[in-house]
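Chains, contacts and geometry: an overview
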Amino acid sequence: MVNELEFEKPVTELRKKITELREFTTQSDVDLSSEISKLEARLAKLEQDIYEHMKPWDRVQVARHPNRPTTLDYISFLFSDFFEMHGDRAFGDDEAIVSGIAKYKGLPVTVIGHQRGKDTKENIRRNFGMPHPEGYRKALRHMKQAEKFNRPIICFIDTKGAYPGKAAEERGQSEAIAKNLFEMAGVTVPIICIVIGEGGSGGALALGIGNHIHMLENSTYSVISPEGAAALLWKDSSLAKQAAESMKITAPDLKEMGIIDEIIPEVKGGAHKDVEKQSGFIDDVLKASLKQLLSLSKDQLVDERYEKFKKIGKYTDMKQFEEIKS
């Protein structure tokens, strides 16, 4: 089956068997309805067992699914009157990031997100969703514009990371990311960030300094890919599955650690199974977030964002360190 994931094979094989029996029933006088009903019940239980007990590596595979909905897919369902704007006013336009203004239930908003392609040709045009510095500068330009016109900002995160090429470094990749982190921290309008696929390293974090950070159930958010972590830790990228287990990169792990605010449930089998239904799940969380944040003043929004990130992680001061040593 095209785009079949390894852990889904038992489900796929059982569905195929049910389809074969149905076709045989329509082409002959043999009544197999009882057997088909038993297999359908077995399929329902198998789907529940597999999709409700997914391992971290399974979620990584779903987050990377080639048919997984992109930023533009969700924009078409969640917003109206979307007008995309281009360029960073310094070098050029980066199609790995889409940015523009739209209306969300009549409310003017700025929408920014990483954008992958759906086929090889589009992926090359979109640089596989890995932005250059001009992409981040474009995003920041539109964030500052949103602040000027008092529009909430909604960011969709879905990238393996910022593009690590020579030209990107020459044009100031690290500076562009760092400036986004600095500027987003002080933006005086609500910022809502939603991880819809892979959230990789600084390339994701450059759109991730928000008042609220939400993640789709099968998305990932990490400082490095499982393959990269395995190569660094064990000198073997084939141990990515084990790395994914220990890195705590899935939505349930990040929710438990207080890094994200809400886990957005996914359609059974992954968001790619039903984009419209998945958009409805995102809509519910987005609506609640906006309602809460729009009631805050500009100073409260900045203070809340500061406190949010200040609480992430654990640290030990020198006094505590000396106590631990003694």
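Just so we're clear, the structure is a prediction, and the values are computed from it rather than from any experiment.

Right, let's get into the layout of surface pockets. Taken as a whole, the largest pocket holds about 260 Å³ of empty space. Lining the largest pocket, in full, are Ser201, Gly202, Leu205, Tyr221, Ser222, Val223, Met247, Lys248, Ile249, Leu254 and Ile259. Those elements that place two or more of their residues in the lining of the largest pocket are α9 (201-205) and β7 (220-222). In terms of residues, the lining of the largest pocket owes the most to one element, α9, which gives three residues. The class makeup of the residues in the lining of the largest pocket is seven nonpolar, three polar and one charged. Of the voids in this model, the second largest pocket is the one considered here, and its volume is about 190 Å³. Forming the walls of the second largest pocket are 13 residues, and the residues nearest its centre are Arg64, Arg116, Asn123, Lys160 and Glu198.

Below, the discussion takes up the nonpolar core. In terms of nonpolar packing, the biggest core is built from 29 residues, with Ile112, Met143, Ile153, Cys155, Leu207 and Tyr221 touching the most fellow members. Those elements that provide at least two residues to this core are α6 (133-148), β4 (153-159), α8 (173-185), β5 (191-200), β6 (212-216) and α12 (251-256). A total of four residues in this core trace back to one element, the largest contributor, which is α6. Setting aside its immediate chain neighbours within four residues, Met143 contacts Ile112, Ile153, Cys155, Met184, Ala206 and Leu207. Counting 22 residues, the second-largest nonpolar core is a separate cluster that includes Ile75, Phe79, Ile192 and Leu293.

Tracing the backbone through its elements, the reader meets Arg126 in the loop between α5 (120-125) and α6. Sequence-wise, Arg126 and Glu169 are 43 residues apart; in three dimensions their C-alpha atoms are separated by 18 Å. Residues contacting Arg126, with those up to four places away along its chain left out, are Leu72, Glu95, Ala96, Val98, Gln115, Arg116 and Gly117.

Two side chains of opposite charge can pair, provided their charged atoms sit close to one another. Taken as a whole and judged by the stated rule, the model has 16 salt bridges. Here Glu198 makes a salt bridge to Arg64, at a shortest N to O gap of 3.0 Å. Here Glu198 is found in strand β5, whereas its partner Arg64 is found in the loop between α3 (56-63) and α4 (71-78), with 134 residues between them in sequence. A relative accessible area of 11% places Glu198 in the buried class. A salt bridge links Glu95 to Arg125, with the nearest nitrogen and oxygen atoms 2.3 Å apart. Of the two residues, Glu95 sits in the loop between β1 (80-84) and β2 (97-104) while Arg125 sits in helix α5, which places them 30 residues apart along the sequence.

Moving on, we get to the domain arrangement of the chain. Entries for the chain in the domain assignment read domain 1 (6-53) and domain 2 (61-311). Taking only C-alpha atoms into account, the centre of domain 1 sits 38 Å from that of domain 2. Residue-level contacts link five residues of domain 1 with four residues of domain 2. Taking both sides of the interface into account, the surface hidden between domain 1 and domain 2 amounts to around 400 Å²; carbon and sulfur atoms contribute 59%. Broken down residue by residue, the surface that domain 1 buries against domain 2 is led by Phe7, Glu8 and Tyr51, which jointly contribute 70%. Where domain 1 touches domain 2, the interface holds zero residue pairs in polar contact (both at pLDDT 80 or more). Looking at side-chain class alone, the side of domain 1 that touches domain 2 contains two nonpolar, no polar and three charged residues.

On the surface, Leu232, Leu233 and Trp234 cluster together into a nonpolar patch covering about 350 Å² of accessible area. Residue position: Leu233 is located in helix α10 (residues 226-234).

A word on the state of the cysteines. Under the defined criterion, the tally for this structure stands at zero disulfides. This cysteine, Cys155, is not joined by any disulfide, and Cys193 carries the nearest cysteine sulfur, 4.7 Å off. For Cys155, a relative accessible area of 0% gives the class buried. Residue classification places Cys193 among the buried positions, given a relative accessible area of 0%.

For a regular strand, the rule is simple: side chains alternate between the two faces of the sheet. Of all five residues in β6, five are buried; the element is thus mostly enclosed. Burial along β6 is two-sided: the face carrying His212, His214 and Leu216 and the face carrying Ile213 and Met215 are both buried. The pairing of β5 with β6 spans four bridges and is classified as parallel. Within β6, the position partnered with Ile194 by the bridge is His214.

What follows concerns the packing of aromatic side chains. Under the criterion given, the structure shown has three aromatic pairs. Each ring, one from Phe79 and one from Phe156, has its centre 6.4 Å from the other, and the planes form 75°; the classification is edge-to-face. Pair noted here: Phe79 is in the loop between α4 and β1 and Phe156 is in strand β4, with a separation of 77 residues, a long-range link. In terms of burial, Phe79 and Phe156 fall into one category: buried. Connected via pairs of aromatic rings, a cluster forms that spans Tyr74, Phe79, Tyr104 and Phe156. The lysine or arginine in question, Arg171, covers the ring of Phe91, its NZ or CZ lying 4.2 Å from the ring centre.

Cut-offs applied
- Residues numbered from 1 in each chain as written.
- Predicted model: local features only at pLDDT ≥ 70, side-chain atom pairs only at ≥ 80, totals over all residues.
- Heavy atoms only, no water.
- 1 Å grid on protein atoms, 1.4 Å probe; cavity = no way out; pocket = protein on both sides within 12 Å on 5 of 7 lines; lining within 4 Å.
- Points joined across faces, edges and corners; volume = space filled by probe spheres on them.
- Helix = DSSP H or I, 4+ residues; strand = E, 2+ residues; numbered from the N terminus.
- Nonpolar A, V, L, I, M, F, W, Y, C, P; charged D, E, K, R; others polar.
- Core = buried A, V, L, I, M, F, W, Y, C linked by side-chain atoms within 4.5 Å.
- Buried < 20%, exposed > 50% of the residue type's maximum accessible area, 1.4 Å probe, protein only.
- Contact = heavy atoms within 4.5 Å.
- Salt bridge = Lys/Arg side-chain N within 4 Å of Asp/Glu carboxyl O.
- Domains from an automatic or database assignment.
- Buried area = accessible area lost by both parts, 1.4 Å probe.
- Polar contact = N/O pair within 3.5 Å; in protein donor to acceptor, adjacent residues only side chain to side chain.
- Patch = residues over 30% accessible without salt bridge, like charges linked within 9 Å, V, L, I, M, F, W, Y side chains within 5 Å.
- Areas by Shrake-Rupley, 256 points an atom, 1.4 Å probe, with all protein chains shown as cover.
- Disulfide = S-S within 2.5 Å.
- Pairing = 2+ DSSP bridges.
- Phe/Tyr/Trp six-rings, centres within 6.5 Å; stacked < 30°, edge-to-face > 60°.
- Lys NZ or Arg CZ within 6 Å of the ring centre and 35° of its normal.

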